[in-house]
Amino acid sequence: MTEGERIAAALLSVDWSKVILETCARKRITRSTLARQVGSDAQHIGRLARGEITEPRFFRLAFKLLDEHSDTKRSEKLG
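So, how was this worked out
Residues numbered from 1 in each chain as written. Predicted model: local features only at pLDDT ≥ 70, side-chain atom pairs only at ≥ 80, totals over all residues. Heavy atoms only, no water. Helix = DSSP H or I, 4+ residues; strand = E, 2+ residues; numbered from the N terminus. Salt bridge = Lys/Arg side-chain N within 4 Å of Asp/Glu carboxyl O. Buried < 20%, exposed > 50% of the residue type's maximum accessible area, 1.4 Å probe, protein only.

Colleague: Before we move on, can you summarise the environment of Ile45 with the specific residues and values?
Modeller: Turning to its location among the elements, Ile45 is positioned in helix H4 (residues 42-50). Considering only alpha carbons, one finds Ile45 and Arg57, 12 residues apart in sequence, at a separation of 10 Å.

Below, the structure written as structure tokens:
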């Protein structure tokens, strides 16, 4: 398996609903606010959060969501 295939497999295995809900809960923000922060629309973030769709439309959005989620985990460890 190539590096690109490993990255794609890892992104496809992410529970995006969990990522969004945990990020919003830890940051105490709404899904609409998270959508603005990552440059997406609230409807798309809502569908991801509810599990209606299983992956973000674009890799750019996927990486931004993971970055926001990792920031909340880092803050939790420091706090």
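Don't stop here, the text continues.
Colleague: I'd like a description of the pattern of salt bridges, backed by residues and values.
Modeller: Using the criterion set out here, one finds 6 salt bridges in the structure. Between Glu22 and Arg26 there is a salt bridge whose closest N-O contact spans 3.6 Å. Linking Glu22 with Arg26, this pair stays in helix H2 (residues 16-27), spanning 4 residues, or about one helical turn. Classification of Arg26 by relative accessible area gives partly exposed; the value is 30%. Arg57 serves as the salt-bridge partner of Asp41, at 2.8 Å between the closest nitrogen and oxygen. With a gap of 16 residues between them, Asp41 in the loop between helix H3 (31-38) and H4 and Arg57 in the loop between H4 and helix H5 (59-78) connect regions that are remote in the sequence. Here the residues in one salt-bridge network are Lys18, Glu22 and Arg26, joined through shared partners.

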